[in-house]
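# Coordinate inspection notes
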Amino acid sequence: MYLLLLASGVIAGVTTLLFGFGGGFIVVPLVYAMLTAGALGEAMQADAMHVAVATSTCAMIFASLMGTLRHNRKGTIDWAQVRPLIIPICIGAAAGARVAMSLSGDWVRWVFVAYLGLTILDSLARPGFMARQGDGKAPLGPLAATLFGVPIGLVAAFLGVGGSVMTVPLMRRRGASMTGATAMASPLSLPMSIAGTAIYVLLAWDHASAASLGYAGYVDLRALLALTVGSWGGISLASRFVGRIPDRVHTRVYLFLLALVTLVMILV
């Protein structure tokens, strides 16, 4: 199973760099399936979704940091757009992780599925995502950054999926190319993953099923190691394709991946 996690880490690294996903769309379903299929006690079975989301959130710290460094080196990040959102996203991420811990794993799972479905429908139905409009140069003001940033952080940490599910459509509708929109998802996922992980570790440190060997709060450390090593390889592999994917293809593959993970979560 850990070899599968390693391979999934590679996929997560590729999707982080090219689509800004942070790996959560791959990692959450896989870790959830691993925990629910394993010979675990009933207590851990009940916490499987919380562990999957927390481990995914923690794995994003490394993946989003690596993605940020690679995109920054290639000059694809518009930092003027990114900076106003960092603090609001941190605030939202801390709140989102706390809310997720207070709900049952089944609730988190089905909210995950519902949100992905709504995102796909919104991207297809509303103008501005499938076809680029404008130049995306005007940064958000403080009020707008707060109104957008807090919900982005809250949803991302709640679901363990990184901020791309909200930041990519947001930046896309502000006129960014898909390369630019997905590049900005990495630095915006970094503060979310740090704030969210802190909550999942500190507030669940003494939890009965999460306090066993190999866990830090709700974070599965063994799974985290495999995912981190794999994501490093995936990011290195994907670096050569940054900025080379046609905008039209980039947009459609992004939505296809969302649909694929939605189906996996429903079936699992």
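Anyway, here's the lowdown on the structure attached to this text. Computed from a prediction, not measured in an experiment: that's the story for all the values here.

With that settled, the discussion passes to the pattern of salt bridges. Scanning all chains against the criterion turns up two salt bridges. Among the ionic pairs, Asp-122 bridges to Arg-173, the shortest N-O distance being 3.3 Å. Of the two residues, Asp-122 is situated in helix α6 (residues 105-125) and Arg-173 in helix α8 (residues 164-173); the sequence distance between them amounts to 51 residues.

With their axes 9 Å apart at the nearest point, helix α7 (residues 142-159) and α8 run at an angle of 150° to one another. Between α7 and α8, the contacting residues are Phe-148, Pro-151, Ile-152 and Val-155 on the first element and Met-166, Thr-167 and Leu-170 on the second. Among the residues making up the contact of α7 with α8, the classes are represented as six nonpolar, one polar and no charged.

Applying the stated rule across the entire model yields two cavities of 30 Å³ or more. The computed volume of the second largest cavity comes to approximately 40 Å³. What lines the second largest cavity is simply Leu-17, Leu-18, His-71, Thr-179, Thr-182, Phe-241, Val-242, Gly-243, Ile-245 and His-250. Those elements giving two or more residues to the lining of the second largest cavity turn out to be α1 (2-19) and α9 (178-202). Residues of the lining of the second largest cavity, tallied by class, amount to five nonpolar, five polar and no charged.

Looking now at a positive patch on the surface. A cluster of basic side chains, namely Arg-73, Lys-74, Arg-240 and Arg-244, defines a positive patch on the protein surface. By the secondary structure assignment, Arg-240 is in the loop between α10 (221-238) and α11 (247-267).

Right, let's get into the layout of surface pockets. In this model, the largest pocket occupies a volume close to 250 Å³. For the largest pocket, the full set of lining residues is Tyr-115, Leu-118, Thr-119, Asp-122, Arg-126, Phe-148, Ile-152, Val-165, Met-166, Pro-169, Leu-170 and Arg-173. Sorting the residues of the lining of the largest pocket by element identifies α6, α7 and α8 as the ones contributing at least two each. Per-element tally for the lining of the largest pocket: the top contributor is α8, with five residues. Counted by class, the lining of the largest pocket contains eight nonpolar, one polar and three charged residues.

Before going further, it helps to spend a moment on the packing of aromatic side chains. Enumeration according to the criterion identifies one aromatic pair in this entry. Summarising the aromatic geometry, the rings of Phe-129 and Tyr-254 are spaced 5.8 Å apart at their centres and angled 45° between planes, so their arrangement reads as tilted. With Phe-129 in the loop between α6 and α7 and Tyr-254 in helix α11, this residue pair connects regions lying 125 residues apart in the sequence.

Cut-offs and rules
- Residues numbered from 1 in each chain as written.
- Predicted model: local features only at pLDDT ≥ 70, side-chain atom pairs only at ≥ 80, totals over all residues.
- Heavy atoms only, no water.
- Salt bridge = Lys/Arg side-chain N within 4 Å of Asp/Glu carboxyl O.
- Helix = DSSP H or I, 4+ residues; strand = E, 2+ residues; numbered from the N terminus.
- Axes fitted to C-alpha atoms, helices over the stretch in contact; angles between N-to-C directions.
- Contact = heavy atoms within 4.5 Å.
- Nonpolar A, V, L, I, M, F, W, Y, C, P; charged D, E, K, R; others polar.
- 1 Å grid on protein atoms, 1.4 Å probe; cavity = no way out; pocket = protein on both sides within 12 Å on 5 of 7 lines; lining within 4 Å.
- Points joined across faces, edges and corners; volume = space filled by probe spheres on them.
- Patch = residues over 30% accessible without salt bridge, like charges linked within 9 Å, V, L, I, M, F, W, Y side chains within 5 Å.
- Areas by Shrake-Rupley, 256 points an atom, 1.4 Å probe, with all protein chains shown as cover.
- Lys, Arg positive; Asp, Glu negative; His and termini not counted.
- Charge placed at Lys NZ, Arg CZ, Asp CG, Glu CD.
- Phe/Tyr/Trp six-rings, centres within 6.5 Å; stacked < 30°, edge-to-face > 60°.

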